[in-house]
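Structure at a glance
The chain contents come next:
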Amino acid sequence: MSEGAVLHLKGRVLVGPDDVRDELWVVGGRVTFDRPAMARDATTVTGWALPGLVDAHCHVGLDAHGPVDNATSEKQALTDRDAGALLIRDAGSPSDTRWIDDREDLPRIIRAGRHIARTKRYTRNYAHEIEPEDLVAYVAQEARRGDGWVKLVGDWIDRSTGDLGTCWPRGAVEAAIAEAHRLGARVTAHCFAEDSLAPLVEAGIDCIEHATGLTEDTIPLFAERGVAIVPTLVNIATFPRLAAGGEGKFPRWADHMRRLHARRYDTVRAAYDAGVPVFAGTDAGGALAHGLVADEVAELTKAGLPAVAALSATTWGARDWLGRPGLTEGAPADLVVYGSDPREDVRVLAAPLRVVLRGQVVG
């Protein structure tokens, strides 16, 4: 499609879970529900349309070894785009990917800056590795560099105990989160284990990644404070393999990881049932491939989320949470078209018929 071309989408447009329209138009790269004057010259696409999917935990510019070059970052972003993920919350990357913002054919990215971790308590080459006395300064730095988010590593294996352990003292976290909020940024944290959760929530954190350590004691706290979780279930599926690889050196940690994995679905369903906001994220870009957003939504339904709730976790609800529009009048035309109703079977997300980004058919 040329820049001035008109696109006419016919079928069922899922503006919201209960707001279904028969058609929409794309004029000048934006959504309208009013028939334009040049309608006769429009290109017509038929199917079931959703707002562009959201991968709320993704890492463009990162692989298992650390930062990657721009060509690799481009391939990662294109893979996500072709899977329908048109909005990415990049949950920590050491690479400068600002150049992607100038590419009309690549997804929109909301960056959390670079991970902030305790010294020697995270994957090598990923994070700023610092001590608690420097946490406020680094959070302020990444709040200014990011797009309204900062990413902490809340827990990691502690070699002195041979198990997962909390990384930050309570006072340092409270001061750091307060500084991020003062600068207009929200804070999220990588957390696998149980003990790191309550102190972070009580310190004012906005979101927890993975959240496998949630229990009946901490779930009500999350619900009361409105703290969101991004479970990354496609990543949690790797826990048994990780445990097997580290069992010889850290048997306590390996056993803990297996137990967290075994109850992963129950954990997510209990959080959802309690009213904790749940969003879809893949954790692609470390050890995981990109383009897995449909798999993550399917995993959320396996955990017991209703199909519409799982869809909202990657569409309407996720976009609202991140402050980005969906399929509303005048909004940028970022949408994905499917052959059948995704509310009936979310697995259709794995087979998009058309991907429309900024009003252009790109896939």
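Before reading further, recall that the structure is shown in the block above.
In this report, the structure presented in the accompanying data block is examined. (Residues numbered from 1 in each chain as written. Predicted model: local features only at pLDDT ≥ 70, side-chain atom pairs only at ≥ 80, totals over all residues. Heavy atoms only, no water.)

**Side note on unusual backbone geometry**
The line we're drawing: Secondary structure elements are taken from DSSP: a helix is a run of H or I of four residues or more, a strand is a run of E of two residues or more, and numbering for both begins at the N terminus.
Its identity is not glycine, yet alanine 211 carries a phi of approximately 55°, on the positive side. Even without being a glycine, aspartate 283 presents a positive backbone phi close to 65°. Structurally, aspartate 283 is set in the loop between helix 9 (264–273) and helix 10 (293–302).

**Quick look at the nonpolar core**
This is how the line gets drawn: By convention a nonpolar core is built from buried Ala, Val, Leu, Ile, Met, Phe, Trp, Tyr and Cys residues, the set being connected through side-chain atoms within 4.5 Å. Exposed residues in this analysis have more than 50% of their type's maximum accessible area, buried residues have under 20%, and partly exposed residues fall in between, with area computed by a 1.4 Å probe over protein chains only. Should any heavy atoms of two residues lie within 4.5 Å, those residues are considered in contact.
Core analysis: the largest hydrophobic core is formed by 81 residues, its most contacted members being Leu135, Ile205, Ile208, Phe222 and Leu300. Among all residues touching isoleucine 205, those that are not within four sequence positions of it are Ile177, Val187, Thr188, Ala189, Leu200 and Val227. By size, the runner-up hydrophobic cluster in this structure holds 14 residues, among which are Leu9, Leu24, Ala49 and Val356.

**As for the pairing of strand 16 (residues 207–210)**
To keep things clear, this is the line we draw: Between any two strands, pairing holds if DSSP finds at least two bridges. A clockwise course of the path from the first strand over the helix to the second, judged with the strands pointing away from the viewer, identifies a crossover as right-handed.
The pairing of strand 15 (residues 186–191) with strand 16 spans four bridges and is classified as parallel. Bridged to threonine 188 within strand 16 is cysteine 207. Following the backbone out of strand 15, through helix 4 (residues 197–202) and into the adjacent parallel strand 16, one traces a crossover that is right-handed. Direction of pairing for strand 16 relative to strand 17 (residues 228–230): parallel, over a ladder of three bridges. Counterpart to glutamate 209 in the pairing with strand 17 is valine 230.

**Here we look at the sheet that holds strand 9 (residues 108–111)**
Heads up, the rule is: Lines fitted to C-alpha atoms define the axes here, with helix axes fitted over just the stretch in contact, and angles between the N-to-C directions of these axes take values from 0 to 180 degrees.
What the three strands build is an open sheet, ordered 5-8-9; its pairing is parallel. Of all strands in the sheet, those with a lone pairing partner are strand 5 (53–58) and strand 9, marking the two edges. Adjacent strand axes in the sheet meet at a mean angle of 20°, parallel and antiparallel pairs treated alike.

**Remarks on the layout of surface pockets**
The following threshold applies: Throughout, the protein atoms alone are placed on a 1 Å grid, and a set of points is a cavity if a 1.4 Å probe fits but cannot get out or a pocket if it is open with protein on both sides within 12 Å along at least five of seven lines; lining residues have an atom within 4 Å of a point. Grid points are joined across faces, edges and corners, and a volume is the space filled by probe spheres set on the points. Classification used: nonpolar for Ala, Val, Leu, Ile, Met, Phe, Trp, Tyr, Cys and Pro, charged for Asp, Glu, Lys and Arg, polar for all others including Gly.
Taken as a whole, the largest pocket encloses approximately 870 Å³ of empty space. Elements with a minimum of two residues in the lining of the largest pocket: strand 13 (155–158), helix 7 (239–246) and helix 8 (251–262). A class-by-class count of the residues in the lining of the largest pocket yields 14 nonpolar, nine polar and eight charged. One number sums up the size of the second largest pocket: a volume of about 240 Å³. Along the wall of the second largest pocket there are 14 residues; nearest its centre are Ser93, Ser95, Asp96, Gly113 and Arg114.

**Looking at helix 1 (residues 70–82)**
The condition that has to hold: To estimate the expected span of a helix, count its residues, drop one, and scale the result by 1.5 Å. For this quantity, the arc is that covered by the directions from the helix axis to the C-beta atoms.
The terminal C-alpha atoms of helix 1 lie 18 Å apart, and with 13 residues this matches the ideal 18 Å at 1.5 Å per residue to within 8%. Of all the residues in helix 1, the buried ones are Ser73, Gln76, Ala77, Asp80 and Arg81. One side of helix 1 holds all its buried residues, which, seen down the axis, span an arc of 135°. At its buried positions, helix 1 is contacted by strand 5, strand 6 (62–63), strand 8 (85–90) and strand 19 (354–357).

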